[in-house]
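Residue strings, one per chain:
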Amino acid sequence: MGRNANGEGSIIKDKRGFWRGAVSLPSNDGKYKKKYVYGKTRKEVADKMNELINQLRTNTYIEPCKVTLYEWLCTWLDTYCKNEVRMTTYINYETYIHKHIKEGIGGYRLCDLNTILIQQYYNEKSKNGRLDGKGGLSPKTLKNIHDMLHRALEKAVHLEMIPKNPSAHITLPKRQKPNIRYYTAEEQKQLQEAIKGEKLEMAVLMLLYTGLRQGELLGLPWSNVHINHNGNSYIIITQALVRTRNPDTNAPLRTLLLITPPKTQHSIRTIPLLPKIAERLEEYRRIQAEYLAENHLPDIGLVFTATNGKEYDPRDFQRDFNNLLKRHNIREIGVHGLRHSFATRSLQNGMSVKTLSTILGHNSCAFTMDVYCHIDQDIAAAELNCLNGLLE
């Protein structure tokens, strides 16, 4: 065995020819335990020991965590997320953890994770990550997974389970800007003419003149509708109706309808109603009350309900809307396209970006303009035409 060099502490050479060093670490019970480091040369071991001793002196040493990433994510989800995130977010996190990460990098110990490992995992998921085997995950889904993983690892850093967050410098695929579909002014007039007398008439008018998201419309309670004949009428958005995966895997139904808080804090907002929309809405309320009473159906307090008086399933609403468009030979743009149509008309008619951003429930004016930059370009082109006279 090799003898210890002065100042190097306990370093020996074992029978296999490898060098081993030991440093005494304090434990929670006040006693000391040995921490061993290994290397092919005495210098390599000495350098590792010196680094370890320096971490102990500066109080930056963290005991390598033996918990796997999957184990930590399960603990983090149950301990820190259950009462902090929306139910739909919690269910999405469950899917990411159990269906994606568990069989991917979930088996690695937290202390063995590094940026390259996570980057390679994301790269593979972008090519072959779909659960149905039909290609890679979308940039949006990958970003959602990354945001969740980053939060969980940041908590591990805070709890001193790992020294730093290995997901901090990841490069994610760029999200392609979606193709915004909306109705032109002429198409909107055609739609408004076609829906007269239809079951969805009031719902479509609300979407066209408030810019609500579908879930916000279907989750809107009458208690949040304020109609004032002598002043301003308005609605308050505090919840949404969504269909999401059933967290109970043993239940017969795989999905559930849930009333949840809106997407973000900015989504909780007050939206003014045009006087004509307020009048139509008040008449619609009277007709709905008569219908429920005549058919002996309970009043669940929502503005828009299915024919059986229960919640209007978003899937059924989308289907009914598409069928309406087909019957009247109107271009299909999806229910969300009505929200885009509202934003487009608003900008075209002079509404400020700040006001529109507030009504839509966006988190910033910059995001609003990024989504609807095509309108800004159209307006700029039209206003620039005023300079034509100077060329004559």
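This is a predicted model, so every value here is computed, not measured. (Residues numbered from 1 in each chain as written. Predicted model: local features only at pLDDT ≥ 70, side-chain atom pairs only at ≥ 80, totals over all residues. Heavy atoms only, no water.)

Caption draft 1: The overall build of the chain, seen in detail. Each helix and strand in the chain was counted, giving 14 helices and 8 strands. At 30 Å, the chain has a C-alpha radius of gyration far larger than the 21 Å of a compact globule built from 392 residues. Its C-alpha atoms give the chain principal-axis dimensions of roughly 95 × 70 × 45 Å. Counting only residues that meet the buried cut, the chain has 38% of its 392 residues in that class. (Helix = DSSP H or I, 4+ residues; strand = E, 2+ residues; numbered from the N terminus. Rg over C-alpha atoms; globule rule 2.2 N^0.38 Å. Buried < 20%, exposed > 50% of the residue type's maximum accessible area, 1.4 Å probe, protein only.)

Caption draft 2: Structural view of the pattern of salt bridges. Per the stated rule, a full pass over the model turns up 22 salt bridges. Note that lysine 143 is salt-bridged to aspartate 147, the shortest N-O span being 2.8 Å. Separated by 4 residues within a single helix, lysine 143 and aspartate 147 lie in helix H5 (residues 139-158), roughly one turn from each other. Since its relative accessible area comes to 36%, lysine 143 is described here as partly exposed. Here arginine 319 ties to aspartate 320 by a salt bridge, and the two come within 3.0 Å at their closest N and O atoms. Each of the salt bridges in this network shares a partner with another, and the network as a whole consists of Lys199, Asp316, Arg319 and Asp320. (Salt bridge = Lys/Arg side-chain N within 4 Å of Asp/Glu carboxyl O.)

Caption draft 3: Just the nonpolar core, in detail. Judged by nonpolar contacts, the single largest core of 47 residues is most densely connected at Leu191 and Met206. The element that contributes the greatest number of residues to this core is helix H7 (residues 201-210), accounting for 7 residues. Filtering out sequence-adjacent residues up to four positions away, leucine 191 remains in contact with Tyr183, Val204, Leu208, Leu324, Leu325, Ile330 and Leu338. Trp72, Tyr93, Ile145 and Leu149 belong to the second-largest nonpolar core, a separate cluster that totals 32 residues. (Core = buried A, V, L, I, M, F, W, Y, C linked by side-chain atoms within 4.5 Å. Contact = heavy atoms within 4.5 Å.)

Caption draft 4: Structural view of the packing of aromatic side chains. Taken as a whole, this structure holds 6 aromatic pairs when the rule is applied. Between tyrosine 121 and tyrosine 122, the aromatic rings sit 5.8 Å apart at their centres with planes inclined by 45°, giving tilted as the arrangement. Given the relative accessible area of 7%, tyrosine 121 is considered buried. Residue classification places tyrosine 122 among the buried residues on the basis of a relative accessible area of 1%. (Phe/Tyr/Trp six-rings, centres within 6.5 Å; stacked < 30°, edge-to-face > 60°.)

Caption draft 5: A look at unusual backbone geometry. Positioned with a positive phi, histidine 296 is a non-glycine residue whose angle comes to about 55°. Looking at the secondary structure, you find histidine 296 in the loop between helix H9 (275-294) and helix H10 (314-327). Not every positive phi belongs to a glycine, and asparagine 329 is a case in point at roughly 55°. Here asparagine 329 is to be found in the loop between H10 and helix H11 (336-348). For asparagine 329, a relative accessible area of 68% gives the class exposed.

Caption draft 6: Quick peek at H5. Here H5 spans 28 Å end to end across 20 residues, near enough to the 28 Å set by a 1.5 Å rise per residue. Along H5, the positions that sit buried rather than exposed are Leu142, Ile145, His146, Met148, Leu149, Ala152, Leu153 and Ala156. In an axial view of H5, the angular spread of the buried residues amounts to 165°, which keeps them on one side of the axis. Considering only its buried residues, H5 is in contact with helix H2 (69-81), helix H3 (87-101) and helix H4 (115-128). After H5 finishes, the residue glutamate 160 shows a positive phi value of roughly 60°. (Expected span 1.5 Å × (residues − 1). Arc of directions from axis to C-beta.)

Caption draft 7: Broad picture of the sheet that holds strand S2 (residues 19-26). Reading across the sheet, the 3 strands line up as S1-S2-S3 and stay open at both edges, with antiparallel pairing between neighbours. This sheet does not close on itself; its edge strands, each paired only once, are strand S1 (10-13) and strand S3 (32-39). Shown here is a sheet whose adjacent strand axes are inclined to one another by a mean of 25°, direction ignored. Pairing of S2 with S3 involves 8 bridges; the strand directions are antiparallel. Bridge assignment links proline 26 to a residue of S3, and that residue is tyrosine 32. Against the sheet, helix H1 (residues 42-57) contacts S1, S2 and S3, and its axis sits at roughly 10° relative to S2. (Pairing = 2+ DSSP bridges. Axes fitted to C-alpha atoms, helices over the stretch in contact; angles between N-to-C directions.)

Caption draft 8: Summary view of the layout of surface pockets. Empty space within the largest pocket amounts to approximately 2000 Å³. Lining the largest pocket are 47 residues; nearest its centre among them are Arg86, Lys140, Arg175, Arg213 and Lys263. Those elements that provide at least two residues to the lining of the largest pocket are H3, H5, helix H8 (214-218), strand S6 (240-245), H11 and helix H13 (365-371). Looking at the lining of the largest pocket element by element, the count peaks at 7 residues for H5. Split by residue class, the lining of the largest pocket holds 14 nonpolar, 18 polar and 15 charged. (1 Å grid on protein atoms, 1.4 Å probe; cavity = no way out; pocket = protein on both sides within 12 Å on 5 of 7 lines; lining within 4 Å. Points joined across faces, edges and corners; volume = space filled by probe spheres on them. Nonpolar A, V, L, I, M, F, W, Y, C, P; charged D, E, K, R; others polar.)

On their own, these measurements won't tell you what the molecule is for.
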